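Commentary on secondary and tertiary structure
Chain by chain, the residues run as shown.
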Amino acid sequence: MQNTPLLIPWLISFASTFAMGVYTLRRRRKHGASIPLALMCFFASIWAGSYIFELGGSTLAVKIWSLRIGYIGVLGVPLSWAAFAFAFSGRTKWLTRRNILLALIFPIATLIVIFSSKLEPWFFASMTLNLNPTTGLITLDNPKGWWFWFHAAYAYAFLLLGTYLLLQEYWTKKEVYRSQIFTNILAILLPWISNGIIVSGVLTGLPFDFTSLTFSVTILILGWNFLRYGFLDLLPVAHRAIVESISDAVIVLDTDLRIVDLNPAALELFRLNGKTVIGKSFESVFQPKIQIDTQALRRHGYHKQITLETTGKRVKWLDLHISSLRDPSTQGGQIITLRDVTSLKENEEALAIARDEAMQANSFKTQLLANVSHELRTPLGIIMGYTDLIARKSYGEINEKQFAILSRIRGSTEYLDGLVSELLDQAQLDSGKLKLAETPFEPREVFGKTSNQLSVLAEAKNIEFQLHISDDLPIAIVGDSQRLKQILVNLISNAIKFTEKGGVVAKISKISAAEWRIQVADTGPGMPEEALRTIFEAFKQLPEANKVARKGYGLGLSITKQLVHLMNGNISVESKLAVGTTFTVILPLITEVEKPHAQ
C-alpha cells in the first residue's frame, strides 16, 4: 500500500456513509424511504472504501480488484436513489419484486462484464499503471470501452428518473416540504455533476475521481434532512391524504407521535406556524391545549369531545377523532381531526333548558288539570242532584217543557262529568299516579251490565248491538274491573257514535292459557290509513267527523291505550273506508292473585 495522507478524505467518506447507513437502517420501518436511503449509504461506502485500495494500492492486481468491487457501489447508488425517490414520493407500488428484478438485469450483466477477464475490455479498453507526477502516486489508467457508455446512460437515466419524481413532489407541496425536497435534489446532483465532469474529460489532468467524496456530502445532507424532519418514518406525501380546503382541523402524526403535517384550519385554530412545529412532538406543541394521553393518541377510532380556551374569546367545543393511517406507502401514524361543534353544543344546552322548562310546564299543567277536575266534580254533582230532585217534582209540579229542559241540563251535565273524569284520568296517567287494582271479578257479570247500559245508545240510533263472551273464558279473572269496564265502554261507545247503519259487535274470548281478547267491530265509515297513525294520541280527532261525533276532546282512545299498556297488554286497530273499523285488545290472562313473597 502507498502511504499517503491523501487517503484520509476517502477514509472519512467511507466511515461517514457507512455510519449513516447503519443509523438509518436502525430507524427503518417495514416500508418507506429509510431502507433505500440506507442502501444508498452502504453502496456509497463500498464505492469510497474500494477507492481507498484502488488509490493506495501499488500493484496492478490490487487496483483492478478494488476497481471491480467499487463498481458494486457505483451500480447500486443510482438504483437505490431511484428507489428512494419512488418511496419518498409515495409511489412504493412500483417497487415490486418484478420491477426490481428487471431493473437489476443490466447492473448484473455489467458486473459480469467487469469481473470477466475476457469481457472486461468491453468496459475498460485497457488497464495499466501510471505514475502521477503531481502526487507521486501510482494510479490506474483505464480508458473506457463501449459498454461503459451504456452503463453511464443507464445510471444517469435512473438519476434523472428519481430527480423528476422529487421535482413533481416539489411543485405539489407547501413551502416547508419544498425546502426539504429541493435540498435532496441538490444533494444528489452534486456527485453526479462531479462525475460527469470527470467522465467527459472537461477538466483534464485531475489526479483523482472525487465522485465518491461528493457522495459522502450527499449522504450527510440527506441524513441531515432525515434527522431534522424525521420524515423517512412517515413520508411527507401523507399530505395527500389531507384536503387543504377542509374546514376541520387536521393534524398528521408519525409513529413516534411527531407532527408531520397540519392543514390551514389547524394552524388557524391553534394559531401556529407550520415551519416551527413540523417535526416536533405532539405533546410539546399541543399540551396543555389538548388534554389527551399518549395511549389514546395511538388508538384507531378514538373519539372525545374536548374544550379549547382561547385568550379573549369564548370557550370552543371540539369533536376530536383519531384514525390510524392505512396507506401502504406509509409506515403508519395517526390522523387527528378536530371539528368545531361549539354551535351544536350551545344548541344542545338551549334544548336542554327548553326541555326542562317544558317538563316543568307540563308538570304544572298536569297538577292544574287534576286540581280543576276535582274542583269541577263537586258543582257538577250538585247540579245533577238538584236536576233529579226537580225532575221528580220534589219542589212542586213542572210542565212538559220544563221537564224537557231539565233533561237537556241533565244530559249536558253528564257529558261534562264524563269529560272531567277523562281529564282527571289523563292527569293521573301523565303524573304516573294512576294505580290499578288486582282483584278477582266475574267478566260475564261486569261486562253484561256494561252491555245493558250501552245497548240503550244503540237503540237510540236504531242500530244493532251484540256482546258475545266465549264459553272457554274463565269464570273469574284477576284485574281492575272498573278500568276494564272503562276500556270496553270507550271502545263500544265510540263505535256506536260513528255507526249510522248496520251495527256493533263486541267479542270477549280466550286466546290461550296466557292471554284473552276484547274485540269491538263496527260497520261505520272507517278511517283513512293516515288517521290510524294518530288515533291513539291525546286530543286527536278525525277532521272529517261530523259535529255530533266530534263532541269531546279526543281523550277516550288515548286513555284506553295507556290503560291497556298499564295492564301489560296491547291494542291495535284495523279499518277500511266504507266498510268499518275493528279494535282489538289483548291482555294477559290471570286467574289467581299472586301471593306476596315471604320476607
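In this report, we go over the structure that sits alongside the text. (Residues numbered from 1 in each chain as written. Predicted model: local features only at pLDDT ≥ 70, side-chain atom pairs only at ≥ 80, totals over all residues. Heavy atoms only, no water.)

Once the charged atoms of two side chains with opposite charge are near each other, the side chains can pair. Considering all chains together, one arrives at six salt bridges under this definition. Between Asp256 and Arg258 there is a salt bridge, with its nearest N and O atoms 3.5 Å apart. Judged by its relative accessible area of 35%, Asp256 is partly exposed. Residue Arg258 is classed as buried on the basis of its relative accessible area, which comes to 16%. Glu500 serves as the salt-bridge partner of Lys461, at 3.3 Å between the closest nitrogen and oxygen. Here the residue Lys461 occupies a position in the loop between α15 (443–460) and β9 (464–469), and Glu500 occupies one in the loop between α16 (481–498) and β11 (503–510), the gap between them amounting to 39 residues. The exposure class of Glu500 is exposed, given its relative accessible area of 53%. One salt-bridge network, in which partners are shared between bridges, spans Asp254, Asp256 and Arg258. (Salt bridge = Lys/Arg side-chain N within 4 Å of Asp/Glu carboxyl O. Buried < 20%, exposed > 50% of the residue type's maximum accessible area, 1.4 Å probe, protein only. Helix = DSSP H or I, 4+ residues; strand = E, 2+ residues; numbered from the N terminus.)

Spatial strand order, β4-β3-β7-β6-β5: five strands in an open sheet with antiparallel pairing. Strand pairing shows two members of the sheet lacking a second neighbour, β4 (259–262) and β5 (302–308), which therefore form its edges. The mean inter-strand angle of the sheet, taken between neighbouring strand axes irrespective of direction, is 20°. Relative to strand β7 (residues 334–340), strand β6 (residues 316–324) runs antiparallel, the two being bridged by seven bridges. By the bridge assignment for β7, Leu318 is matched with Asp340. (Pairing = 2+ DSSP bridges. Axes fitted to C-alpha atoms, helices over the stretch in contact; angles between N-to-C directions.)

This next bit is on helix α4 (residues 97–115). Residue pairs three or four apart in sequence face the same way in an α-helix, which turns once every 3.6 residues. When the terminal C-alpha atoms of α4 are compared, their 26 Å separation across 19 residues agrees well with the 27 Å that a helix rising 1.5 Å per residue should span. The sharpest bend along α4 reaches about 35° and sits at Ile105, with the proline Pro107 one to four residues further on. (Expected span 1.5 Å × (residues − 1). Bend = angle between axes of the 7 residues up to and from the residue.)

Adjacent strands of a sheet form backbone hydrogen bonds with each other and so pair up, either parallel or antiparallel. Strands sit in the order β9-β11-β12-β14-β13 across an open sheet of five strands; the sheet is mixed. A single partner strand is all that each edge strand has here, and the edge strands are β9 and β13 (570–576). Adjacent strand axes in the sheet meet at a mean angle of 10°, parallel and antiparallel pairs treated alike. Pairing of β13 with strand β14 (residues 580–588), which is carried by seven bridges, proceeds in the antiparallel orientation. Opposite Lys576, over in β14, you have Gly580 as the bridge partner.

As paired strands, strand β3 (residues 249–253) and β4 are joined by three bridges and run antiparallel to one another. Each residue of the ladder has a partner; that of Val252, found in β4, is Asp261. What sits between the antiparallel neighbours β3 and β4 is a turn of five residues, in which Leu257 has the positive phi angle 60°.

Turning next to the packing of aromatic side chains. Applying the stated criterion to the full structure yields 22 aromatic pairs. Consider the rings of Phe14 and Phe18, whose centres lie 6.1 Å apart with planes at 20°: the pair is stacked. One end of the pair is Phe14 and the other is Phe18, both in helix α1 (residues 8–26) and four residues apart, which spans about a single turn. Exposure remark for Phe18: the relative accessible area of 39% places this residue in the partly exposed category. (Phe/Tyr/Trp six-rings, centres within 6.5 Å; stacked < 30°, edge-to-face > 60°.)

Summarising the sheet, strand β1 (residues 128–131) and strand β2 (residues 138–141) pair through four bridges and their orientation is antiparallel. Counterpart to Leu131 in the pairing with β2 is Ile138. Connecting the antiparallel pair β1 and β2 is a turn made up of six residues, with Gly136 showing a positive phi of about 80°.

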